[in-house]
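Breakdown of the fold
Next come the chains, spelled out residue by residue.
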Amino acid sequence: MSHSEKINLLGLSLPKMQAFFADLGEKPFRATQMMRWIHQRGVTEIEQMTDISKALRSRVAEIAEIRLPEIVNEYHSVDGCRKWIIEVESGSRVECVFIPEAGRGTLCISSQAGCSLDCSFCATGKQGFNSNLTVAEIIGQLWWANHKLGGFNDSTLRPVSNVVMMGMGEPLLNFDNVIDAVSLMMEDLAYGLSKRRVTISTSGVVPALERMRGLTDASLAISLHAPNDELRSQIMPINRRYPIRQLLQAATDYIHSLPDRRLPVIEYTLIAGVNDHRAHARELAALLKSFPCKINLIPFNPFSLSDYRKPSANVIGNFRQILQEAGYTVTIRTTRADDIGAACGQLVGEVEDQTRRSSRHRERNSRGKPLVEPDVANLNRAAETVR
Ligand code: SAH
Ligand code: SF4
């Protein structure tokens, strides 16, 4: 059996790990042992798993292994953030960012190499789409962050307390793998993160959002970015297929399926002259009246293929004030790690585009024409994959 044909134990959720050992005629506690070795102690050599008998270790090693995605580059930001470039099996490179803050450490994880949805303000979207990450490649980002930050040596350290699925890609278009990876993040035998501290961020793939009910209880962030369908469809092509009302309804149903009262977060990237007017803030306040949520404003982070700009501090402050006066809890995401190209929407990795969108964007940009031109045919294909 060649190296890569072996089962990769890194990507098995607890039920799948139990099934793996059941197939070998072994008891379920073997799965418990294996989960702890891989995800709590960071051990990737089966030979070193000393509470498993030698005979069983060699049987497992014949058919399985722990195969990590490869880190090909690492950056340190002056503000303490770290960015890792990770090469996945398709040959693409994706990015993973660690953001330390007082009392917590947040890891921003990628779910796809590129993204098919082409939001006009997003560097990842401009690259087109290459591939879905496997469960091992998604959870491997958390494994690596723990390893690099010393979390496996000292179990009290817990360098990563929060995970946000806000790296490259649309998590709900890689549904099954993201659900399994998220279950490992929250599994006590693996990383044991609180469900309040694991957030799936989506641009609004409504059928997939509906499927989430009962399969996970992770926290939810909705990338809204506009207070009406007309504007949202211009900057986010997916809105043409799943308009705002449908999206907010699906989000409400998901939130109601959770046992606790946890508010979803509405993300709103503020782009100068596009969606940052006072009238937009008032319209947003009215739109969300019957949708309990917190609002997170993200000042647009510039990147080379975009002509968009970030609004002034004054405009951002006014936008926030209108929402606060309407009764919302509003946070403004401070820009971190932009010295290493790791701020929101700047993640690009290295993706061999399957859709030829990236070259079209480059051509159009060099001719000075607008970048916003949704690719509806491609969007429809992407949406089909979640049915
Ligand atoms: N595909 C998912 C998750 C990845 S994007 C989603 O769209 O939700 C993570 C967040 O960064 C989203 O809210 C996205 O809209 C925002 N974002 C993308 N490009 C940005 C940019 N250039 N500046 C600021 N935020 C951006
Ligand atoms: Fe994809 Fe999210 Fe970027 Fe839109 S914002 S292109 S959905 S990664």
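What this report covers is the structure whose coordinates are included nearby.

Section: the overall build of the protein
Helix and strand counts for the protein come out as 14 helices and 14 strands. Looking at the protein as a whole, 58% of its 387 residues are labelled buried. Within the protein, contacts between residues separated by at least 24 positions form 68% of all contacts whose residues are at least 6 apart in sequence. For the protein, the accessible area works out to roughly 16,800 Å², and carbon and sulfur atoms hold 48% of it.

Regarding the site of ligand 2
Near ligand 2, the surroundings consist of C115, L117, D118, C119, C122, G125, G169, E170 and S203. Of the residues assigned to the shell around ligand 2, the class counts are 4 nonpolar, 3 polar and 2 charged.

What to know about the packing of helix α5 (residues 135–148) against helix α6 (residues 175–186)
Viewed as axis vectors pointing N to C, α5 and α6 meet at an angle of 35°, and their least axial separation amounts to 8 Å. For the pair α5 and α6, the crossing hand works out as right-handed. Each of V135, I138, I139 and L142 in α5 lies in contact with α6, whose residues at this interface are N177, V178, D180, A181, L184 and M185. By residue class, the composition of the contact of α5 with α6 is 8 nonpolar, 1 polar and 1 charged.

As for the packing of aromatic side chains
Inspection of every chain in the model, using the stated rule, returns 6 aromatic pairs. Plain terms: the ring middles of W143 and W144 are 5.3 Å apart, the flat faces sit at 90° to each other, and that makes the pair edge-to-face. Exposure remark for W144: the relative accessible area of 16% places this residue in the buried category. Aromatic side chains W143 and F152 sit 5.2 Å apart centroid to centroid with 50° between the ring planes, which places their arrangement in the tilted category. Here the aromatic residues W143, W144 and F152 are joined through ring pairs into a cluster of three or more. Directly above the ring of W37 sits R41, whose terminal nitrogen or CZ lies 4.1 Å from the centroid. Above the ring of Y75, the side-chain terminus of K83 is found at 5.3 Å from the ring centroid.

Topic: the nonpolar core
Core analysis: the biggest nonpolar cluster contains 123 residues, and L9, V60, L107, L142, M185 and L288 have the highest contact counts within it. If we skip the residues at most four places from it in the chain, L142 touches L107, I109, V160, V163, M185, Y191 and L193.

Some points on the sheet that holds strand β13 (residues 294–299)
Across the sheet, which stays open at both edges, the 10 strands sit in the order β3-β4-β5-β6-β9-β10-β11-β12-β13-β14 with mixed pairing between neighbours. The open sheet has two edge strands with one neighbour each: β3 (70–76) and β14 (329–332). Sheet twist, expressed as the average angle between the axes of neighbouring strands with direction ignored, equals 20°. Pairing geometry for strand β6 (residues 104–108) and strand β9 (residues 162–165), over 3 bridges, is parallel. If you follow T106 over to β9, its bridge partner there is N162. Strands β9 and β10 (198–202) of the sheet are contacted by α6, whose axis makes an angle of about 160° with β10. Along the sheet face, helix α10 (residues 244–257) touches β11 (219–223) and β12 (265–270) and points at about 170° away from the line of β11.

Some remarks on the pattern of salt bridges
One pass over the full model with this rule turns up 17 salt bridges. Note that R67 is salt-bridged to E89, the shortest N-O span being 3.6 Å. On the criterion of sequence distance, the pair formed by R67 in the loop between β2 (64–65) and β3 and E89 in the loop between β4 (82–87) and β5 (93–101) is long-range, its members being 22 residues apart. The class of R67 is buried, set by a relative accessible area of 18%.

Here's the deal with the site of ligand 1
Around ligand 1, a shell composed of 22 residues is seen, among which F121, S201, S223, H225 and N301 lie nearest. In the environment of ligand 1, a nitrogen atom lies 2.8 Å from a nitrogen or oxygen atom belonging to the backbone of F121. Here T269 contributes a side-chain N or O atom positioned 3.2 Å from a nitrogen atom of ligand 1. Considered on its own, ligand 1 offers 530 Å² of accessible surface; in the complex 96% of this is hidden by protein. Contributing elements (two or more residues each) for the shell around ligand 1: β10, β12 and β13. Class assignment of the residues belonging to the shell around ligand 1 gives a composition of 10 nonpolar, 10 polar and 2 charged.

Section: unusual backbone geometry
The phi dihedral of R158 is positive, around 45°, even though this residue is not glycine. Within the secondary structure, R158 is located in the loop between α5 and β9. On the accessibility criterion, R158 (44% relative accessible area) is partly exposed. Phi at H225 is positive, roughly 65°, even though this residue is not glycine. With respect to the helices, strands and loops of the structure, H225 is situated in the loop between β11 and α8 (229–235).

Digging into the pairing of β9
The two faces of β9 match: N162 and V164 on one face and V163 and M165 on the other face are all buried. As paired strands, β9 and β10 are joined by 3 bridges and run parallel to one another. What sits directly across from V163, in β10, is V198. Tracing the backbone out of β9, into α6 and back to the parallel element β10 gives a crossover that is right-handed.

A look at the packing of helix α11 (residues 278–287) against helix α12 (residues 313–325)
Between α11 and α12, the least distance of the axes is 9 Å, while the angle of their chain directions is 25°. Judged by the inter-axis angle, α11 sits roughly parallel to α12. Here the hand of the crossing between α11 and α12 comes out right-handed. Residues R278, H280, A281, R282, L284 and A285 of α11 pack against N318, F319, I322 and L323 of α12. The residue inventory of the contact of α11 with α12, partitioned by class, reads 6 nonpolar, 2 polar and 2 charged.

Conventions adopted
Residues numbered from 1 in each chain as written. Chains lettered and ligands numbered in written order. Predicted model: local features only at pLDDT ≥ 70, side-chain atom pairs only at ≥ 80, totals over all residues. Heavy atoms only, no water. Helix = DSSP H or I, 4+ residues; strand = E, 2+ residues; numbered from the N terminus. Buried < 20%, exposed > 50% of the residue type's maximum accessible area, 1.4 Å probe, protein only. Contact = heavy atoms within 4.5 Å. Areas by Shrake-Rupley, 256 points an atom, 1.4 Å probe, with all protein chains shown as cover. Near = heavy atom within 4 Å. Nonpolar A, V, L, I, M, F, W, Y, C, P; charged D, E, K, R; others polar. Axes fitted to C-alpha atoms, helices over the stretch in contact; angles between N-to-C directions. Left-handed = near helix turned anticlockwise from the far one by under 90°. Phe/Tyr/Trp six-rings, centres within 6.5 Å; stacked < 30°, edge-to-face > 60°. Lys NZ or Arg CZ within 6 Å of the ring centre and 35° of its normal. Core = buried A, V, L, I, M, F, W, Y, C linked by side-chain atoms within 4.5 Å. Pairing = 2+ DSSP bridges. Salt bridge = Lys/Arg side-chain N within 4 Å of Asp/Glu carboxyl O. Polar contact = N/O pair within 3.5 Å; in protein donor to acceptor, adjacent residues only side chain to side chain. Right-handed = clockwise from strand over helix to strand, strands pointing away. Parallel < 35°, antiparallel > 145°, perpendicular 65-115°, else oblique.

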